[in-house]
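Below are the chains, spelled out letter by letter.
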Amino acid sequence: MDLKDKIMVITGASSGIGMATARRLDRAGVKFVLNARSEDKLEALAAELSTAVCVTGDMIEPETSQKVLDMAFSEFGRVDVLFNNAGVMHIGGIDEVDIETLCQMVRLNFESVVRMSYLVLRHMKRQGSGFLINSSSLAGLKAFPEIGAYNGTKFAVEAFTDALRMELAGTGVKVTAIEPGRTKTELFSHWPEEKQFKPENGLIEADDIARCIEFILEQPQEVLIPRLLVVPARQER
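Predicted, not measured: the structure shown is a model, and the values here were computed from it.

A. Region of interest: the pattern of salt bridges. For the structure shown, the criterion picks out 12 salt bridges. In this structure, E48 engages R23 in a salt bridge whose closest nitrogen and oxygen atoms are separated by 2.9 Å. One end of the pair, E48, is in helix α2 (residues 39-48); the other, R23, is in helix α1 (residues 16-26), and 25 residues separate them in sequence. Its relative accessible area of 44% is what places E48 among the partly exposed residues. Among the salt bridges present, the one from R24 reaches E214, with a minimum N-O distance of 3.3 Å. Of the two residues, R24 sits in helix α1 while E214 sits in helix α6 (residues 206-217), which places them 190 residues apart along the sequence. The exposure class of R24 is buried, given its relative accessible area of 15%. Three or more residues are tied together by salt bridges with common partners; here these are R24, D207 and E214.

Pasting the structure below:
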């Protein structure tokens with residue numbers, strides 16, 4: 001894909017991997033529809049970019065997906081790339097974790113991905129081109145104690161993404177999952193200090209993932225990388 005003037009939707013764009021991806025692909029000439037819950041952070045990011053519009057809202061709310069799509073059509077007339085990046089990671093043992101918080105995580109990490117994907121893919125299929133990238137995780141490939149619900153959301157994203165890839169094969173629409181390992185973002189900022197990942201045990205930067213997303217998008221039309229696992233060289237498990 002030639003990225004110049006392509007229209008890309010990024011959910012969860014106000015920090016971390018979403019922000020890093022927007023900054024990196026802006027240099028390639030991409031135009032953006034950005035979503036996040038923080039209006040101030042979104043507007044600050046958009047001001048850095050050459051061409052970007054913002055839709056503030058929580059992707060858990062069903063109407064937010066339609067608002068994002070409507071903004072893309074009204075401003076640009078199409079969507080070429082959708083990066084479903086919005087997500088949270090709540091952890092805790094069986095006896096301590098808040099069940100309602102976990103259920104909200106399931107809604108954001110998986111339900112919103114399903115809704116946004118189908119809305120945009122219907123457009124891309126009619127268009128005969130497009131690229132869907134879903135944010136998965138190493139935790140979508142293997143389980144870890146105390147993050148069972150998060151594991152479940154990412155395993156679900158993996159299955160959903162690969163099923164869409166097969167369904168859309170030959171249509172001109174590509175589908176892939178990006179699978180970060182331990183990455184320096186705000187995803188873990190609410191964790192207890194004793195459970196925080198330590199730099200000496202391996203952490204990669206959000207821009208490392210952004211660079212991989214650019215690599216996926218720039219492959220020739222006949223080439224698809226259906227999933228890409230990216231972990232710190234020092235990450236042991």
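B. Focus on the nonpolar core. Counting 36 residues, the largest nonpolar core has V9 and V33 as the members making the most contacts within it. For this core, the secondary structure elements donating two or more residues are β1 (7-10), β3 (52-56), α3 (62-76), α4 (99-127), α5 (148-168) and β6 (173-180). Here the element with the most residues in this core is α4; it accounts for 8 residues. When neighbours within four sequence positions are excluded, V9 is seen to be in contact with V33, V68, A72, V79, V81, L82, F83 and M116. Grouped together as the second largest cluster of nonpolar side chains are 34 residues, F32, F83, A206 and I209 included.

C. Just unusual backbone geometry, in detail. Despite not being glycine, D5 shows a phi value in the positive range, around 70°. As for its position among the elements, D5 is in the segment before β1. One non-glycine residue, E146, lies in the positive phi region at around 75°. Its location among the elements puts E146 in the loop between β5 (130-135) and α5.

D. Local environment of α4. Taking 1.5 Å of rise per residue, the 29 residues of α4 would be expected to cover 42 Å, and the 41 Å separating its terminal C-alpha atoms lies within 8% of that figure. Approximately 35° is the largest bend angle found in α4, and it occurs at E111. Taken as a whole, α4 has its buried residues at L102, M105, L108, N109, S112, V113, M116, S117, V120, L121, H123 and M124. Close packing links the buried residues of α4 with β1, α3, β4 (81-84), β5, α5 and β6. Regarding α4, its N-cap is D98, as a side-chain oxygen of that residue lies 3.3 Å from the backbone nitrogen of E100 further along. Among the residues trailing α4, G128 stands out with phi positive, at a value near 80°.

E. Geometry of the environment of K142. By the element assignment, K142 lies in the loop between β5 and α5. Not counting the four nearest positions on each side in its chain, K142 is found in contact with N151, F155 and R237.

F. Examining the side chain of N151 more closely. Tracing the backbone shows N151 in helix α5. N151 has contacts with A139, K142, A143 and F144, leaving out every residue within four places of it along the chain.

G. Geometry of the sheet that holds β3. The strand order β3-β2-β1-β4-β5-β6-β9 describes an open sheet built from 7 strands, whose pairing is parallel. Strands with a single pairing partner mark the edges of an open sheet, and in this sheet they are β3 and β9 (227-230). When strand polarity is set aside, the average angle formed by the axes of neighbouring strands in this sheet is 15°. Across 4 bridges, β1 lies against strand β2 (residues 31-36) in parallel orientation. When the bridges of β2 are listed, V9 appears paired with V33. In the packing of α2 onto the sheet, the strands contacted are β2 and β3, and the crossing angle to β3 comes to about 175°. The sheet contacts of α5 involve β5, β6 and β9, and relative to β6 the element is tilted by about 160°.

Cut-offs and rules
- Residues numbered from 1 in each chain as written.
- Predicted model: local features only at pLDDT ≥ 70, side-chain atom pairs only at ≥ 80, totals over all residues.
- Heavy atoms only, no water.
- Salt bridge = Lys/Arg side-chain N within 4 Å of Asp/Glu carboxyl O.
- Helix = DSSP H or I, 4+ residues; strand = E, 2+ residues; numbered from the N terminus.
- Buried < 20%, exposed > 50% of the residue type's maximum accessible area, 1.4 Å probe, protein only.
- Core = buried A, V, L, I, M, F, W, Y, C linked by side-chain atoms within 4.5 Å.
- Contact = heavy atoms within 4.5 Å.
- Expected span 1.5 Å × (residues − 1).
- Bend = angle between axes of the 7 residues up to and from the residue.
- Polar contact = N/O pair within 3.5 Å; in protein donor to acceptor, adjacent residues only side chain to side chain.
- Pairing = 2+ DSSP bridges.
- Axes fitted to C-alpha atoms, helices over the stretch in contact; angles between N-to-C directions.

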